[in-house]
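Structure assessment
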Amino acid sequence: MFINSAFAAANSAAQTTSGTSMIVQLVLIMAVFYLFLIRPQQKKMKQHEQMLQTIKKGDKIITGGGIVAKVTDASDPFELAVEIANGVEIKVYRATVRELLKDEDVKNNVSDKVKKTKPANANKKSKK
């Protein structure tokens, strides 16, 4: 009889300990997710929103589709009028702007990327 009550007491203590350790582990996992995934993403979204609000006429932007354009009208809070080529003007949603380029970025990075890319069929040998 004494042995049965001892087993019961030990078993309930083990269940309580494993339950609390499971809760502690779950809280630690959620804290890690918050610190390494959620918080940096929120910070990045906030910076992107601030960048969208600072766009003005004359700025160079890259849209979500990869179009490099110059802003010609930024008076609408939702749309931007941009020039993608001489005399070709389109409207894009402000939210689709991926990046605001600085003058030195336009001169260095965009032209370097264009020079480094090869045509898709550059490595194929023609068989005739």
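Everything here concerns the structure above.
To start, this report covers the structure provided alongside it. A quick note: this is a predicted structure, and the numbers were derived from the prediction, not measured.

Rules used in this analysis
Residues numbered from 1 in each chain as written. Predicted model: local features only at pLDDT ≥ 70, side-chain atom pairs only at ≥ 80, totals over all residues. Heavy atoms only, no water. Core = buried A, V, L, I, M, F, W, Y, C linked by side-chain atoms within 4.5 Å. Buried < 20%, exposed > 50% of the residue type's maximum accessible area, 1.4 Å probe, protein only. Contact = heavy atoms within 4.5 Å. Salt bridge = Lys/Arg side-chain N within 4 Å of Asp/Glu carboxyl O. Helix = DSSP H or I, 4+ residues; strand = E, 2+ residues; numbered from the N terminus. Pairing = 2+ DSSP bridges. Axes fitted to C-alpha atoms, helices over the stretch in contact; angles between N-to-C directions. Patch = residues over 30% accessible without salt bridge, like charges linked within 9 Å, V, L, I, M, F, W, Y side chains within 5 Å. Areas by Shrake-Rupley, 256 points an atom, 1.4 Å probe, with all protein chains shown as cover.

**Re the nonpolar core**
With eleven residues, the main nonpolar core is built from Met51, Leu52, Ile55, Ile61, Ala69, Val71, Ala74, Leu80, Val82, Val92 and Val97. Residues contacting Val71, with those up to four places away along its chain left out, are Ile55, Lys56, Lys57, Gly58, Asp59, Ile61, Leu80, Ala81 and Val82.

**A look at the pattern of salt bridges**
Taken as a whole, this structure holds two salt bridges when the rule is applied. A salt bridge links Asp59 to Lys56; its shortest N-O distance comes to 3.4 Å. Judged by relative accessible area, Asp59 falls into the buried class, the value being 12%. The partner of Glu79 in a salt bridge is Lys91, with the nearest N and O atoms 4.0 Å apart. Of this pair, Glu79 sits in strand β3 (residues 79-85) while Lys91 sits in strand β4 (residues 88-93), and the two are twelve residues apart along the sequence. A relative accessible area of 26% places Glu79 in the partly exposed class.

**Topic: the sheet that holds β4**
Pairing is antiparallel in the open sheet, where five strands are placed in the order β4-β3-β2-β1-β5. Each edge of the open sheet is held by one strand with a lone partner, namely β4 and β5 (97-101). Across this sheet, the average inter-strand angle for adjacent strands is 45 degrees, counted without regard to direction.

**Examining the pairing of strand β2 (residues 68-73)**
In this structure, strand β1 (residues 60-63) lies alongside β2, joined through three bridges in antiparallel fashion. Opposite Ile61, over in β2, you have Ala69 as the bridge partner. Hairpin remark: β1 followed by β2, antiparallel, with four residues in the connecting loop; positive phi at Gly66, about 90 degrees. Taken together, the three bridges between β2 and β3 define a ladder with antiparallel strand orientation. When the sheet's bridge partners are listed, Val71 is paired in β3 with Val82. Linking β2 to β3, which pair antiparallel, is a turn of five residues.

**So, a nonpolar patch on the surface**
Together, Ile29, Val32, Phe33, Tyr34, Leu35, Phe36, Leu37 and Ile38 line one region of the surface with nonpolar side chains, adding up to about 810 Å² of accessible area. With respect to the element layout, Phe36 can be found in helix α1 (residues 2-53).

**Re the side chain of Thr63**
Mapped onto the secondary structure, Thr63 falls in strand β1. Thr63 gets classed as buried once you look at its relative accessible area, which sits at 6%. In contact with Thr63, not counting residues within four places along its chain, are Val92, Thr96, Val97 and Arg98.

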